[in-house]
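Below are the chains, spelled out letter by letter.
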Amino acid sequence: MDIKDATLMMMSESADHPAVASLAGSAYERLVNEEPVDYRLLNDLIGEASGKGLMRALNAKYGPAAFGAITEPILAEIGRQAPIRSRGYSRPVDPEADPLRASTWPPR
């Protein structure tokens, strides 16, 4: 299953959830028109579907293998596009406060 089929499946299964259907429809239409689909739209689709219980319902209705076939193309595209956030030290480091990078040795 490719991402176009996966978004179509999400759209067809989300009839009871207009917000999910709208997001899935937007993604599907962009894919049909061969336009790029931003990872944020796909992320919102997965988040909304999860929040509405649609993900659990899909897993129960189709089983784990089919559920994976539906969700993995969408998740893979999110993973391919989404920026990787650094888990490193986010505050700027003053090189003079670090004894290994300071321009002079501290006095004794």
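Anything mentioned here points back to the structure above.
Heads up: these notes are all about the structure in this document. Source: prediction; values computed, not measured.

Take the overall build of the protein next. Across its full length, the protein carries five helices and zero strands. Reading the protein from its N end, one meets helices and strands in the order α-α-α-α-α. Over its C-alpha trace the protein gives a radius of gyration of 22 Å, far above what one expects of a compact globule, namely 13 Å for 108 residues. Judged by the C-alpha coordinates and their principal axes, the protein covers about 75 × 30 × 25 Å. In the protein, which comprises 108 residues, the share counted as buried stands at 29%. Taking all contacts inside the protein whose residues are at least 6 apart in sequence as the whole, residues at least 24 apart take part in 61%. With an accessible surface of roughly 7600 Å², the protein has 53% of that area assigned to carbon and sulfur atoms. A distance of 8 Å separates the average location of the 12 positive side-chain charges in the protein from that of its 15 negative side-chain charges.

Attention now goes to helix 5 (residues 64-81). End to end, helix 5 covers 25 Å across 18 residues, agreeing with the expected 26 Å (1.5 Å per residue, within 8%). Among all positions of helix 5, only Phe67, Gly68, Ile70, Thr71, Pro73, Ile74, Glu77 and Ile78 are buried. Looking at the buried positions of helix 5, the neighbouring elements they touch are helix 1 (3-13), helix 3 (39-51) and helix 4 (54-62).

So, about the nonpolar core. With 21 residues, the main nonpolar core has Met10, Leu42, Leu45 and Ile74 as its most contacted residues. For this core, the elements supplying multiple residues, two or more each, are helix 1, helix 2 (18-32), helix 3, helix 4 and helix 5.

Now for the pattern of salt bridges. For the coordinates displayed, the defined rule picks out five salt bridges. In this structure, Glu48 engages Lys52 in a salt bridge whose closest nitrogen and oxygen atoms are separated by 3.7 Å. A relative accessible area of 27% means that Glu48 is categorised as partly exposed. Here Arg80 and Glu77 are joined by a salt bridge, their closest N and O atoms 2.7 Å apart. With a gap of three residues between them, Arg80 and Glu77 both fall in helix 5, about one helical turn apart.

Definitions and limits used
Position numbers for residues start from 1 in each chain and track the written sequence from start to end. Reporting in this predicted model follows two pLDDT cut-offs: at least 70 for local features of residues, and 80 or more for side-chain atom pairs to be given and counted; totals over whole chains, interfaces and linings ignore these cut-offs and use all residues. For the side-chain quantities, the full set of heavy atoms in the structure was used; hydrogens and water were omitted. The numbering of helices and of strands both runs from the N terminus, where a helix is a DSSP run of H or I of at least 4 residues and a strand a run of E of at least 2. Computation of the radius of gyration draws on C-alpha atoms alone. For the globule rule, the value is 2.2 Å times the number of residues to the power 0.38. Here the term buried applies to any residue with accessible area under 20% of the maximum for its type, exposed to any over 50%, and partly exposed to those in between, with areas from a 1.4 Å probe on protein chains only. We call two residues in contact whenever any of their non-hydrogen atoms come within 4.5 Å of each other. Note on areas: these come from Shrake-Rupley sampling with a 1.4 Å probe, and a residue is covered only by the protein chains present in the view. All tallies of charge rest on Lys and Arg as positive and Asp and Glu as negative; His and the ends of each chain are not included. Charged groups are reduced to one reference atom each: NZ for lysine, CZ for arginine, CG for aspartic acid, CD for glutamic acid. What a helix should span is 1.5 Å times the count of its residues minus one. The set of buried Ala, Val, Leu, Ile, Met, Phe, Trp, Tyr and Cys residues whose side-chain atoms join them within 4.5 Å is what this entry labels a nonpolar core. What makes a salt bridge here is a side-chain nitrogen of Lys or Arg within 4 Å of a carboxyl oxygen of Asp or Glu, nothing more.

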